[in-house]
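In case you want the letters, here they are:
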Amino acid sequence: MKNEYIPFPAVIEDVRRETFDTKTFRVRFQDKELAGSFKYKQGQFMEVSVFGKGEAPISITSSPSRKDFLEFTIRAAGSVTKSIHNLKKGDCLHLRGPYGNAFPFEELKGKNIYFIAGGIGLAPLRSLINMVFDSRKDFRHIKLLYGAKTPDELCFKNELETWKKIPDTEVWLTVDKPCDGWGCRVGVVTELWKDTHIHPDNATAILCGPPIMMKFVIMKLAESGFKDKDIIMTLERYMKCGIGKCGHCNIGEKFICVDGPVFDYEQVKQLPHKEGVF
Amino acid sequence: MKIKIIEKKNIKDLLKEAAAEWNVYAPQRNLGGDVWFEALSKPGTDLDKALESVVLEGPDTVISAKDIFFPQLETLFSFNDGKIHEKIESSPKLLFGVRPCDLKGILFADAFFKRNLEDKYYLSRVENRFIVVIGCLKPPRSSCFCTSAMTGPFAKEGFDLQLVEYKDLYLVETGSQSGEEFILKFKKYFKDCPCDFEKTVDEVKSRAAGSVELKVDFQKALELMGQESFIPEENYKRIGERCIYCGGCLYACPTCTCFNVFDNSKDKSGERMRNWDGCVYEGYTRETSGHNPRKDKWQRASRRYEHKLKYDYKQAGSSGCVGCGRCLTSCPVDIGMSKFIQEITEKRKIM
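Residues numbered from 1 in each chain as written. Chains lettered and ligands numbered in written order. Predicted model: local features only at pLDDT ≥ 70, side-chain atom pairs only at ≥ 80, totals over all residues.

## Re the overall build of chain B
Alright, step 1. Counting its secondary structure elements, chain B contains 13 helices and 12 strands.
Alright, step 2. The globule rule puts the C-alpha radius of gyration for 351 residues at 20 Å, and the 21 Å found for chain B is close to it.
Alright, step 3. Principal-axis analysis of the C-alpha atoms gives chain B an extent of 65 × 60 × 40 Å.
Alright, step 4. Burial statistics for chain B: of 351 residues in total, 43% are counted as buried.
Alright, step 5. A sequence separation of at least 24 residues applies to 73% of the contacts in chain B between residues at least 6 apart. (Helix = DSSP H or I, 4+ residues; strand = E, 2+ residues; numbered from the N terminus. Rg over C-alpha atoms; globule rule 2.2 N^0.38 Å. Buried ≥ 20, exposed ≤ 12 C-beta atoms within 10 Å, placed from the backbone. Contact = placed C-beta atoms within 7 Å.)

Right, here's the structure in full:
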């Protein structure tokens, strides 16, 4: 029987600063065989350990279509993530997983895709975004609507520039508080509806962001005519074990860690909202 | 297999002999007077002394035997300078004197820890176990409602042996292949019945069932809670206001299995551990940002009752309440599952 609680050492190969409190860590399993055979799906997460501090569930932000390494974009927020931020290139952390279900991929082929993210919510979507771009011709029009508190807090700034240049792809940005020279929109992410046409025909919307953003984006998408099944989101919840045992992420009969984290809005609507879905 | 008999006075000798092969666990009266399900052989204690403190009739254990397989605090692995040492426990265990409701709790937890991804720690602990159930002639707690929950006062399945108390004897029912082997192995203690005891067993069981005074409409509660439109918000709000969030009910509950995971370390070495946690605590769902999706007290009350009576039933086909009544006896403010069930099925306010 596999012991799901045992993590495996992985070496940090690169650290990139995204914002003042967020970094992206590129890691590779120390064990060559494991590094070669490890598989994951877009939208899954792993439990990342720093021994002595604990472990935290972090979504994999790299894409299965780009092999041999894993990337995690982590905001220094709690004790575990803060101690991960203290690690440097060459240091070791421990990983177990991958856990959870995945974003659809095959089902999205031939469709228009709207990626809508807030803040660090772009990190879990990035896994799917780059996977989609790696077989760009299989998909139709792609739009990314991305909001953050300030321009400084936008993650993956270089990639946002790269994505913009991909044919048939739009990237729309907004911030709550602009700085001098900010050329994009100011306001919450739903304000971007003014900038670009959001149309439900042959389209799927894929969301991740803070609870309040998700609520308003879902309302706006419904207004625009999106069916519940075509609104897909990844939910977050305080989580410990990642394998459907510790109970923390349980909502109704669903465990976010094993039944999710990816749900469509039809499934989300069936969750008992009095237990606090968002 | 036919019913066997064992004389009460021989039980302790049997346990002593079994202790050579198994880690034997039995209800024992501790210094404070409470009865706990504990190992007979512990470092620094004398087996004969432990046997003297064994209590098989009368009071039941304060909490169920769940902590033998799912300890309140356990080490998952230790780490030293990045190296991991897995700590797996799988000793042979003989649980002697488990009550039928608690057996149901154990079976429930077995299924839970097997579901989805398996929990190696729990499943290793239960790998090599033998369970002897003792049915209850009288309910050990006034809050017992096992006949309503259909979990007692005698077990129908899942035991290796079940003892039916009869005068100075126990009539022994066998529930598994290992049970039969156990009787053969210790055949000097288990005698054939001199007469037909089948009828006696039935009589004892039905008398025992009659002695459970507290009755609630359990089935109706499951039906009500199974309806999506049924949300007794007013009850949840009252419970939410009254509850002092001590967590006693969770710890005493045979089917509560929530836990926290944390590291306990100094310098580069330490242990990753888990300990019992519970859904009534405010911090249970609080996220790092401070956002708490279940911040209101009544949301947490609703979570507890709906988990047991709605979601467990939907997912596992059996309710997460086994009718042991410990939540009520352990509650300092008189809240309990039986009262909740009475409130929703009888539409009256009793809490």
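## As for the overall build of chain A
Alright, step 1. Of the regular secondary structure elements, chain A holds 7 helices and 15 strands.
Alright, step 2. For 278 residues, the compact-globule formula gives about 19 Å, and the C-alpha radius of gyration of chain A, at 18 Å, lands near that figure.
Alright, step 3. Along the longest, intermediate and shortest principal axes, the C-alpha atoms of chain A span 50 × 45 × 35 Å.
Alright, step 4. Scored against the burial criterion, the 278 residues of chain A give a buried share of 48%.
Alright, step 5. Put simply, of all contacts in chain A between residues at least 6 apart along the chain, 70% involve residues at least 24 apart.

## Some thoughts on helix α1 (residues 11-18) of chain B
Note: α-helices contain 3.6 residues per turn, so residues at a spacing of three or four share the same orientation.
Residues and elements named next belong to chain B.
Alright, step 1. Turning to α1, its buried residues number three or more, namely I11, L15 and A18. Here the buried residues of α1 occupy an arc of 65 degrees about the axis, which is enough to place them on one side.
Alright, step 2. Close packing links the buried residues of α1 with β1 (4-7), β2 (23-29), α2 (47-52) and β6 (93-98). (Arc of directions from axis to C-beta.)

## Brief notes about the sheet that holds strand β10 (residues 185-186) of chain A
Residue and element names in this part refer to chain A.
Alright, step 1. Pairing within the open sheet is mixed, and its 7 strands lie in the order β10-β9-β8-β7-β11-β12-β15. Looking at which strands have only one partner, the edges of the open sheet turn out to be β10 and β15 (262-264).
Alright, step 2. Alignment of strand β12 (residues 231-234) against β15, held across 3 bridges, turns out to be antiparallel. Bridge pairing links T234 to V262 in β15.
Alright, step 3. Across the sheet, helix α3 (residues 122-134) lies against β7 (112-118), β8 (142-148), β11 (203-208) and β12, angled at about 155 degrees from β7, the strand it touches most. (Pairing = 2+ DSSP bridges. Axes fitted to C-alpha atoms, helices over the stretch in contact; angles between N-to-C directions.)

## Focus on the interface of chain A and chain B
Alright, step 1. Facing 31 residues of chain A, the contacting portion of chain B comprises 38 residues.
Alright, step 2. Looking at the side of chain A that touches chain B residue by residue, the classes come out as 15 nonpolar, 9 polar and 7 charged. (Nonpolar A, V, L, I, M, F, W, Y, C, P; charged D, E, K, R; others polar.)

## Quick notes on α3(A)
Residues and elements named next belong to chain A.
Alright, step 1. In a regular helix each residue adds 1.5 Å, so 13 residues correspond to 18 Å; α3 covers 18 Å between its end C-alpha atoms and thus fits that length.
Alright, step 2. In terms of burial, α3 is largely enclosed, as 11 of its 13 residues are buried.
Alright, step 3. For α3, every residue scored as buried is listed here: L122, A123, P124, L125, R126, S127, L128, I129, N130, M131 and V132. (Expected span 1.5 Å × (residues − 1).)

## As for the pairing of strand β9 (residues 169-175) of chain A
All names here are of chain A.
Alright, step 1. For β9, a buried count of 5 out of 7 residues is recorded, marking the element as mostly surrounded by other parts of the structure.
Alright, step 2. Sheet topology note: the β8/β9 ladder contains 7 bridges and is parallel. When the sheet's bridge partners are listed, K143 is paired in β9 with E170.
Alright, step 3. The parallel pair β8 and β9, bridged by helix α4 (residues 157-164), forms a crossover whose chirality is right-handed. (Right-handed = clockwise from strand over helix to strand, strands pointing away.)

## Some remarks on the environment of S265(B)
Alright, step 1. Here S265(B) shows up in strand β11 (residues 259-266).
Alright, step 2. Classification of S265(B) as partly exposed rests on a count of 18 C-beta atoms within 10 Å.
Alright, step 3. On a C-alpha basis, the gap between S265(B) and E198(B) in space is 58 Å, while along the polypeptide they are 67 residues apart.
Alright, step 4. Apart from residues lying up to four places away in sequence, S265(B) is in contact with F51(A), G52(A) and G270(B).

## Concerning the sheet that holds β1(B)
Residues and elements named next belong to chain B.
Alright, step 1. The strand order across the open sheet formed by 8 strands is β3-β2-β6-β7-β8-β9-β1-β10, and the pairing between neighbours is mixed. Of all the strands in the sheet, the pair left with one neighbour each is β3 (35-39) and β10 (191-192).
Alright, step 2. Bridging between strand β8 (residues 161-166) and strand β9 (residues 169-174) involves 6 bridges; their strand directions are antiparallel. Of the residues in β9, the one forming a bridge with V164 is L171.
Alright, step 3. In this fold helix α6 (residues 177-185) packs onto β1, β7 (129-134), β8 and β9, with an angle of close to 135 degrees to the strand it touches most, β9.

## Digging into the confidence of the model for chain B
Alright, step 1. Model confidence for chain B is summarised by a mean pLDDT of 94, while 100% of its residues fall at 70 or above.
Alright, step 2. Predicted complex metrics record ipTM = 0.93 and pTM = 0.94. (pLDDT = per-residue confidence, 0-100.)

## Details of the pairing of strand β1 (residues 8-19) of chain A
Residues and elements named next belong to chain A.
Alright, step 1. Note: β1 against strand β6 (residues 92-99), 4 bridges, orientation antiparallel. When the sheet's bridge partners are listed, F8 is paired in β6 with L95.
Alright, step 2. Summarising the sheet, β1 and strand β2 (residues 22-29) pair through 8 bridges and their orientation is antiparallel. Looking across to β2, one finds that D14 is bridged to R26.

## Remarks on unusual backbone geometry
Alright, step 1. That bond from G260(A) to P261(A) is cis: its omega, 5 degrees, falls within 30 degrees of zero.
Alright, step 2. Mapping P261(A) onto the fold places it in the loop between α6 (256-259) and β15.
Alright, step 3. Cis geometry marks the peptide bond from G152(B) to P153(B), where omega comes out at 5 degrees.
Alright, step 4. Along the chain, the position of P153(B) falls in the loop between α5 (146-149) and β8.

## Topic: the nonpolar core
Alright, step 1. Ranked by size, the top nonpolar core spans 85 residues in total, and within it F115(A), I116(A), A205(A), I206(A), L207(A), I231(A) and M233(A) carry the most contacts.
Alright, step 2. With 7 residues, the top contributor of residues to this core is α3(A).
Alright, step 3. When residues no more than four places from it in sequence are discounted, the contact partners of L207(A) are I116(A), M214(A), V217(A), I231(A) and M233(A).
Alright, step 4. Grouped together as the second largest cluster of nonpolar side chains are 47 residues, A50(B), L76(B), L107(B) and V201(B) included. (Core = buried A, V, L, I, M, F, W, Y, C linked by C-beta atoms within 7 Å.)

## Thoughts on the environment of E55(A)
Residue and element names in this part refer to chain A.
Alright, step 1. Turning to its location among the elements, E55 is positioned in strand β4 (residues 54-59).
Alright, step 2. Here E55 falls in the buried class, since 26 other C-beta atoms lie within 10 Å of it.
Alright, step 3. As a C-alpha pair, E55 and L93 span 38 residues in sequence and 10.0 Å in three-dimensional space.

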